[in-house]
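Structure at a glance
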Amino acid sequence: MTSRTRPTRALTAALCAAVLAAATACSPADPVTEAGYYLDLSDDPMAASAVELATVDGEPWGFTDVADDRLTLLFFGYTSCPDVCPMTMAEIDLALGQAGDAADSYDVVMVSTDPGRDTDEQLRSWLDRFDPAFQGVRGDIDATVEAGRDYGIAIDPPQETDGQYLVTHGGRIVVLLPGGEAAGMFDEGTEADEIAALLPALADTLL
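What you see is a predicted model; the values in this text were computed from it and never measured.

**Structural notes on the overall build of the protein**
A count of helices and strands for the protein gives six helices and ten strands. The buried share of the protein, taken over its 207 residues, is 42%. In the protein, of all internal contacts separated by at least 6 residues, the share reaching a separation of at least 24 is 71%. Carbon together with sulfur atoms contributes 51% to the accessible area of the protein, which is approximately 11200 Å² in total.

**Overview of the pairing of strand β7 (residues 155-161)**
Looking at chain direction, β7 and strand β8 (residues 164-169) are connected through five bridges and run antiparallel. Of the residues in β8, the one forming a bridge with Asp 156 is Thr 168. Turn length for the β7-β8 hairpin, with the two strands adjacent in sequence and antiparallel, is two residues, and the turn residue Asp 162 shows positive phi of about 50 degrees.

**Notes on the pattern of salt bridges**
Scanning the model with the defined rule gives six salt bridges in all. Two residues, Asp 69 and Arg 70, come together in a salt bridge whose shortest N-O distance is 3.0 Å. For Asp 69, a relative accessible area of 48% corresponds to the partly exposed category. Note on Arg 70: relative accessible area 25%, which makes it partly exposed. Its salt-bridge partner being Arg 172, residue Asp 187 comes within 3.6 Å of it at the nearest N-O pair. Remark: Arg 172 occurs in the loop between β8 and β9 (173-176) and Asp 187 occurs in the loop between β10 (182-186) and α6 (192-206); sequence separation between them is 15 residues. Given a relative accessible area of 26%, Asp 187 falls into the partly exposed group. Sharing partners across several salt bridges, the network here consists of Asp 69, Arg 70 and Asp 107.

**Observations concerning the sheet that holds β9**
One open sheet accounts for eight strands, arranged β1-β10-β9-β4-β5-β6-β2-β3; its pairing is mixed. Of all the strands in the sheet, just β1 (38-40) and β3 (60-62) have a single pairing partner and so form its edges. Taken over all neighbouring pairs, the strand axes of this sheet differ in orientation by 30 degrees on average, direction set aside. Summarising the sheet, strand β4 (residues 71-77) and strand β5 (residues 106-112) pair through seven bridges and their orientation is parallel. The partner of Leu 71 across the bridge, within β5, is Tyr 106. Relative to the sheet, helix α3 (residues 84-98) contacts β4, β5 and β9, its axis offset from that of β4 by approximately 165 degrees. Running at roughly 170 degrees to β10, α6 makes contact with β1, β4, β5, β9 and β10 of the sheet.

Each value, and the rule that gives it
Residues numbered from 1 in each chain as written. Predicted model: local features only at pLDDT ≥ 70, side-chain atom pairs only at ≥ 80, totals over all residues. Heavy atoms only, no water. Helix = DSSP H or I, 4+ residues; strand = E, 2+ residues; numbered from the N terminus. Buried < 20%, exposed > 50% of the residue type's maximum accessible area, 1.4 Å probe, protein only. Contact = heavy atoms within 4.5 Å. Areas by Shrake-Rupley, 256 points an atom, 1.4 Å probe, with all protein chains shown as cover. Pairing = 2+ DSSP bridges. Salt bridge = Lys/Arg side-chain N within 4 Å of Asp/Glu carboxyl O. Axes fitted to C-alpha atoms, helices over the stretch in contact; angles between N-to-C directions.

Geometry only, nothing functional implied.
In structure tokens, the structure reads:
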């Protein structure tokens, strides 16, 4: 008579762990879904804002006017911002420099949240400090607030209180699809190397 022994629970657990580890090793992680600093909306993108603004060259511009063969990194900010805005634009510029050929798949647009003080000339000159290819857009503050709301970015109209001029806005970088829909967002304060790490994968997945 031949007898068979049952594997112990410990051995069974060890075998299961080995199989799981092998499966994980064979299936590379998705860098987009794994990144804790990026909100992936690609399965259900936010609709493009219908708000109409204008470029610093005076040309009408809407969010559906973004390039039809590239993604757009969208940021709402203002030129006299002391910290978040210049740091964010600098990080975007550095990230594109680190992204290699993937950088060709992106445009950058900044919408002024302080259009009363950000003239066309001021906005253009400020963006040129980072990259002359960055596009500046501005319009009525109420329209700007509405556009930000459409993309989940909170913006308050500028207010002067006790001698201080306050401009409050969210600091996320929105990734727009060719149709203007929002496919995702980088958290405020995301650094250049983190942005650069996702740019190739986003271009491959979304374009």
